[in-house]
Each structure stands twice: as C-alpha cells, then as structure tokens.
Amino acid sequence: MSSPSKRREMDLMKLMMSDYKVEMINDGMHEFYVHFHGPNESPYHGGVWRIRVELPDAYPYKSPSIGFINKIYHPNVDEMSGSVCLDVINQTWSPMFDLVNVFEVFLPQLLLYPNPSDPLNGEAAAIMMRDRTAYEKRVKEYCEKYAKPEDVGAAPEEKSSDEELSEDEYDSSDEAVAGQADP
C-alpha cells in the first residue's frame, strides 16, 4: 500500500472515530459524505449539511474537493453547485492538514467569518455588506428550509450539479417533513 493511500485510510478512520457521521459513496475511500453541523454562535447554528468529500489519488499532497449537498446561503458557497471557495482548501492546502481539520477548523471558520469580497454567491455577499441583519435572517431561513437534520438524511445519494432540484421540488419535499416534531 502506498503512502498516500495509507494516509487516506488513516485520515478517514480518524474522521469516522470523531463525532461526524460519515457515509461512504462506494467501495473505495475516495468519495464520501459527512454530516456537518453549523457552528454555535452563528446564524448557521442548528443547521445540518451533508458535505460531499472527494479525495484525489494524490491526497494528502493534493487537497480534497468539498461541496455542500443541501443548500446553504453564504457568500463563499455557490448556491446551485454547493462548491466552496475556501483559500486553505483550494490554494494553500498542506499535507500537514487532515480531514478532521476541514470539519473542525476550516468549515466552521468559513461560516463564522464569510469573505464577501471573494464571493461565489454575489447576492449573499451584497446583502451581507449592505445589511448584516437581513443577511442573517436569510441564512436562518435557508437553515429552516434546507438544513434540518431530516433533510440531510433525505438528501439524494448521487446528484450531479446539472440535476439540481427545481424550487417546486424543494418546496414539495419540505412539506413532507414539515409536520414532524422533533423528539
């Protein structure tokens, strides 16, 4: 077994042993989902997202690909594809980082400290810069609509970015779970 594959296995096991729910996409250790909770003391608190992680063959020397499966309202996340604009992951990745760093440091920091000057979602960036209260209200609306714990479990297994659900499909799936009370 080569060094990158040993490291991939070790990092994935470390992530699975932490508090994160990890779902493998297929038999390999290259693609999986992680359930990620919004950080406390942020408008994302209470939201749960299903994050798709793809590890390149050269991992840990090459950064993982990270994307939100269920919708999130954030200046640095593309609303349609879920792609993340995160400098540490995309440009300054180092083999010293591991998958737990992504979910315990990088993503929480992204949600706590958005960068509206480098947006993937221009509308979110503009609202955030103009009216922080309106921005936080919209974030909370998206959390209520798309980031409930039951939404993460109901997220599609394999959806490519060109198979996005229409607004009507999102609305109808929300109505199906809206009447259920949390235990």
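Remember, it's a predicted structure, so these values are computed and weren't measured experimentally.

## Notes on the pairing of strand 2 (residues 31-37)
(1) Moving on: With 6 of 7 residues buried, strand 2 is to be regarded as a mostly interior element.
(2) Moving on: Here 3 bridges tie strand 1 (residues 22-24) to strand 2, and the two strands are oriented antiparallel to one another. Bridge pairing in strand 2 places Met24 opposite Phe32.
(3) Moving on: In sequence, strand 1 turns back onto strand 2 through a hairpin of 6 residues.
(4) Moving on: Here strand 2 pairs with strand 3 (residues 48-54) via 7 bridges, running antiparallel. Paired with Tyr33 across the strands is Arg52, a residue of strand 3.

## Let's talk about the UniProt feature "active site" (unreviewed entry) in the chain
(1) Moving on: Mapped onto this structure's residue numbering, the UniProt feature "active site" (unreviewed entry) falls at Cys85.
(2) Moving on: Assignment of secondary structure puts Cys85 in the loop between strand 4 (65-68) and helix 2 (87-90).
(3) Moving on: Look past the residues within four positions of Cys85 in its chain and what remains in contact with it is Asn76, Asn90, Leu110, Asp118 and Leu120.

## A short note on the sheet that holds strand 3
(1) Moving on: In spatial order, the strands read 1-2-3-4; together these 4 strands make up an open sheet with antiparallel pairing. On the outer flanks of this sheet lie strand 1 and strand 4, each paired with one strand and no other. Going across the sheet, the axis of each strand differs from the next one's by a mean of 25°, ignoring polarity.

## A look at the packing of helix 1 (residues 3-17) against helix 3 (residues 99-112)
(1) Moving on: Between helix 1 and helix 3, whose axes approach to 7 Å, the crossing angle comes to 45°. By the angle between their axes, helix 1 is oblique relative to helix 3. Listed contacts from helix 3 to Asp11, Leu12, Lys14 and Leu15 of helix 1 are Leu99, Val100 and Phe103.
(2) Moving on: Residue composition of the contact of helix 1 with helix 3, by class: 5 nonpolar, no polar and 2 charged.

## Some words on the packing of aromatic side chains
(1) Moving on: Within this structure, the stated rule accounts for 10 aromatic pairs.
(2) Moving on: Judged by centre distance (5.7 Å) and plane angle (50°), the rings of Tyr20 and Phe103 are tilted. With Tyr20 in the loop between helix 1 and strand 1 and Phe103 in helix 3, this pair connects stretches of sequence that are 83 residues apart. Here the two residues Tyr20 and Phe103 agree in accessibility, since each one is buried.
(3) Moving on: Put simply, the rings of Tyr59, Trp93, Phe97 and Phe106 pair up and form one aromatic cluster.
(4) Moving on: Over the face of the ring belonging to Tyr33 we find Arg50, whose NZ or CZ atom lies 3.9 Å from the ring centre.

## What about the pattern of salt bridges?
(1) Moving on: Counting across every chain of the model gives 10 salt bridges.
(2) Moving on: Its salt-bridge partner being Arg52, residue Glu54 comes within 3.1 Å of it at the nearest N-O pair.
(3) Moving on: The class of Glu54 is partly exposed, set by a relative accessible area of 33%.
(4) Moving on: For Arg52, a relative accessible area of 15% puts it in the buried group.
(5) Moving on: Residues joined in a network through salt bridges with shared partners are Glu31, Arg52 and Glu54.

Calculation rules
- Residues numbered from 1 in each chain as written.
- Predicted model: local features only at pLDDT ≥ 70, side-chain atom pairs only at ≥ 80, totals over all residues.
- Heavy atoms only, no water.
- Buried < 20%, exposed > 50% of the residue type's maximum accessible area, 1.4 Å probe, protein only.
- Helix = DSSP H or I, 4+ residues; strand = E, 2+ residues; numbered from the N terminus.
- Pairing = 2+ DSSP bridges.
- UniProt positions renumbered as here; feature names shortened; annotations may be inferred.
- Contact = heavy atoms within 4.5 Å.
- Axes fitted to C-alpha atoms, helices over the stretch in contact; angles between N-to-C directions.
- Parallel < 35°, antiparallel > 145°, perpendicular 65-115°, else oblique.
- Nonpolar A, V, L, I, M, F, W, Y, C, P; charged D, E, K, R; others polar.
- Phe/Tyr/Trp six-rings, centres within 6.5 Å; stacked < 30°, edge-to-face > 60°.
- Lys NZ or Arg CZ within 6 Å of the ring centre and 35° of its normal.
- Salt bridge = Lys/Arg side-chain N within 4 Å of Asp/Glu carboxyl O.

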